[in-house]
Amino acid sequence: MRLNLNQLAIFAQVIECEGFSAAGQVLFLSQSSVSKQVQNLETSLQTLLIDRSGPKIRPTLAGEVLLERTKEVLALADRAVDAVHAAALWRQEPLVIGSTSTVSGHLLPAVLQELRRREPDALFSVAVSTADELAEALKEGTIGVGLSGSVLPPGRFQSKRLAGDDMLLICAADHPLAGKEITPTDLSDETFLLRECGSQTRNQLKNLLHRWDPPGARTLDLWGTEGIKEAVRIGLGVGLVPRRSVRLELQHGALAVLGIRPEPEPRTVMANWTLARPLTAGEDLLLKLLREVARATAGAWPAEAGTAAR
């Protein structure tokens, strides 16, 4: 048999209001109509759901079980309505994708290309921010889905590891140490190029410098992976970047790798989504495409080892 959602909603309201008359006032129905709907529900289930013997009505044991399930069913029905409305509207309202800068420049373009192919009329944009800003936007639900280059600070969101990427210490092609196996002591008097404040890559390199403590080392602040790459190319210093961001420069000999031991920890590419609100149809599609593109480009990334799945 199939339960009637309207009867379930009326039944739940009667229990909440502790009476048929009070429930009728909330629902704008007569007491007799409310009572009849509950009776019809009891008849369909062949079970007494409400004990009417006392001064106040109360649910029977069967009624308590049904009430608990009713709350779940009605909440699911509300989410279904929200999802239908979102699906009807998402092509008219832009999909805003959150991302840290490194990931936005490398994994995300392939995802946007596939999104454009599947939904040519959809509107979307990318909001680039620091990891802390992205975590805050996800926690508040102002952004539904965001990409980060590592695990974000805890918040009201869920995450899944999409892929990983090696982090390379790069130098100019004509650097004396280019392509050689080195140790931190070989980097004495070197200039290390740091990303902007809030960057996960900046934090990683600063932690490495603290551990390595190369004598006479200097730092220079720049902005973005492209800024680091260009500064390295013209000889301003050495920088830390994901392998995927310099694959073409390494192939064509424009940059070189410093084979330092121990190697820097790999980068983890994470998909993160908010728990502060239901995801829109566009955000659900985006999560699906992120997984598909990560699998399709697995040859360019080290093997995936997933965590929490949506």
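Residues numbered from 1 in each chain as written. Predicted model: local features only at pLDDT ≥ 70, side-chain atom pairs only at ≥ 80, totals over all residues. Heavy atoms only, no water.

Trainee: Help me get a handle on the side chain of Thr191, residues and values and all.
Mentor: Mapped onto the elements, Thr191 comes out in strand E9 (residues 191-194). Given the relative accessible area of 13%, Thr191 is considered buried. A distance of 3.1 Å separates the side chain of Thr191 from the side chain of Arg218, its partner in a polar contact. Excluding anything up to four places from it in sequence, Thr191 contacts Arg218, Thr219, Leu220, Leu236, Gly237 and Val238. (Helix = DSSP H or I, 4+ residues; strand = E, 2+ residues; numbered from the N terminus. Buried < 20%, exposed > 50% of the residue type's maximum accessible area, 1.4 Å probe, protein only. Polar contact = N/O pair within 3.5 Å; in protein donor to acceptor, adjacent residues only side chain to side chain. Contact = heavy atoms within 4.5 Å.)

Trainee: Can you lay out the packing of helix H6 (residues 108-118) against helix H11 (residues 281-296) for me, pointing to particular residues and giving the numbers?
Mentor: Their axes nearest at 9 Å, the elements H6 and H11 cross at an angle of 125 degrees. Taken together, the axes of H6 and H11 are oblique relative to one another. For the pair H6 and H11, the crossing hand works out as right-handed. Taking contact as the criterion, the partners of Ala110, Val111, Glu114, Leu115 and Arg118 in H6 are, on H11, Leu285, Leu286, Lys288, Leu289, Leu290, Glu292 and Val293. For the contact of H6 with H11, the per-class residue count stands at eight nonpolar, no polar and four charged. (Axes fitted to C-alpha atoms, helices over the stretch in contact; angles between N-to-C directions. Parallel < 35°, antiparallel > 145°, perpendicular 65-115°, else oblique. Left-handed = near helix turned anticlockwise from the far one by under 90°. Nonpolar A, V, L, I, M, F, W, Y, C, P; charged D, E, K, R; others polar.)

Trainee: So what about the nonpolar core? Which residues, and what values?
Mentor: Side chains that are nonpolar tend, in soluble globular proteins, to be buried together. Judged by nonpolar contacts, the single largest core of 22 residues is most densely connected at Val111, Val145, Leu147, Leu162, Leu286, Leu287 and Leu290. Counting only elements with at least two residues in this core, the list comes to strand E3 (95-99), H6, strand E5 (145-148), strand E13 (267-274) and H11. Broken down by element, the residue count for this core peaks at seven residues, all from H11. Excluding its chain neighbours within four sequence positions, the residues that come into contact with Val145 are Val96, Ile97, Gly98, Leu138, Asn272, Trp273, Leu279, Glu283, Leu286, Leu287 and Leu290. In this structure, Leu194, Leu209, Trp212 and Leu258 belong to the second largest nonpolar core, which totals 17 residues. (Core = buried A, V, L, I, M, F, W, Y, C linked by side-chain atoms within 4.5 Å.)

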